[in-house]
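Observations on chain architecture
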Amino acid sequence: MKLRYLSHSGFQITTSNNQTILIDPFITGNPNAPVKVEDLKADFIVLTHAHGDHIGDSFTIAKKCDSLFICVNELANYCAEKGFRAHNMHIGGSHNFDFGYLKFTIAHHGSMTPDNTYGGEPAGVILKIDGKTLYHTGDTGLFYDMKLIGEMNPIDYILLPIGDNFTMGITDAVKAVELVNPKNAIPMHYNTFPVIEADPEEFKIKVEAIGKKCIIMQFGEEIEL
Ligand code: NI
Ligand code: MN
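Residues numbered from 1 in each chain as written. Chains lettered and ligands numbered in written order. Predicted model: local features only at pLDDT ≥ 70, side-chain atom pairs only at ≥ 80, totals over all residues. Heavy atoms only, no water.

Brief notes about the packing of helix α5 (residues 170-180) against helix α6 (residues 200-209)
A pair of packed helices is captured by two measures, namely the crossing angle of their axes and the spacing between those axes. As a packed pair, α5 and α6 sit with axes 10 Å apart at the nearest point and diverge in direction by 35°. As α5 packs across α6, the resulting crossing turns out to be right-handed. Across the interface between the two elements, Ile170, Ala173, Val174 and Val177 from α5 touch Glu202, Phe203, Lys206 and Val207 from α6. Here the residues of the contact of α5 with α6 sort into six nonpolar, no polar and two charged. (Axes fitted to C-alpha atoms, helices over the stretch in contact; angles between N-to-C directions. Helix = DSSP H or I, 4+ residues; strand = E, 2+ residues; numbered from the N terminus. Left-handed = near helix turned anticlockwise from the far one by under 90°. Contact = heavy atoms within 4.5 Å. Nonpolar A, V, L, I, M, F, W, Y, C, P; charged D, E, K, R; others polar.)

Here it is as structure tokens:
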């Protein structure tokens, strides 16, 4: 499986059987976006919540690719009302898709859509693809149940926000890594806007100080997992 960082909370996963999954693809209005919207494709689009910096360019991409949205019920209904294909799920629920396993977790945040309708509960997402387990926390504050999530789903890669203000900052994100106990931590949701400026190198030093590994992905970088 390949993991590409699209900056902010956006990731592109390409599975070994060549399926493409986009998580929270936010390109238009994102000064760090390393790609053009028209260069992205997706068989599946996973949204952690309805905020504009997470729905992002999903509808443009889905219109072109007939992508299947995977979201919590209310947000899936919102996508379906816009004419898109959607698989409705909810927090605590898992499902096996063509690409692998997906489960939604809690996240402590909000989730109004850009046109100000209720987008359901915000979520994190656990993915098991090609023998690796990823946990994209979505936008969230720190919560102690991360320990339970890590115990029940040994995590290879946690993707978590460090930008503060709307989500965890560095100190809380380091604590999250300690609670989840993943093999690797990848920071996200930083340096897109002045209010979420954070130094990923500082996060890495602090993660390594608790004996964990940290991978800082460059915007646009793709790594093999
Ligand atoms: Ni948000
Ligand atoms: Mn956000």
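Some points on the coordination of the nickel ion (ligand 1)
The coordination sphere of the nickel ion (ligand 1) contains the protein donors His49 (NE2), His51 (ND1), His109 (NE2) and Asp139 (OD), at a distance range of 2.2 to 2.3 Å. For the nickel ion (ligand 1), the four donor atoms are set out with angles of 87 to 176° between them, so the coordination reads as irregular. When the donor residues of the nickel ion (ligand 1) are listed from N- to C-terminus, their spacing reads H-x1-H-x57-H-x29-D. If you look at the nickel ion (ligand 1) and the manganese ion (ligand 2), they sit 3.2 Å from each other and are both ligated by Asp139. (Donors = N, O, S within 2.8 Å, 3.2 Å for Na, K, Ca; no water. Tetrahedral: all angles 85-135°; square planar, octahedral: opposite > 155°, others 65-115°.)

With respect to the coordination of the manganese ion (ligand 2)
Around a metal, the ideal angle is 109.5 degrees if four donors adopt a tetrahedral arrangement and 90 or 180 degrees if six donors adopt an octahedral arrangement. For the manganese ion (ligand 2), every protein donor is listed as Asp53 (OD), His54 (NE2), Asp139 (OD) and His189 (NE2), and the spread of their distances is 2.1 to 2.3 Å. Taken in chain order, the donor set of the manganese ion (ligand 2) reads D-H-x84-D-x49-H. The exposure class assigned to His54 is buried, which follows from its relative accessible area of 0%. Residue Asp139 is classed as buried on the basis of its relative accessible area, which comes to 2%. (Buried < 20%, exposed > 50% of the residue type's maximum accessible area, 1.4 Å probe, protein only.)

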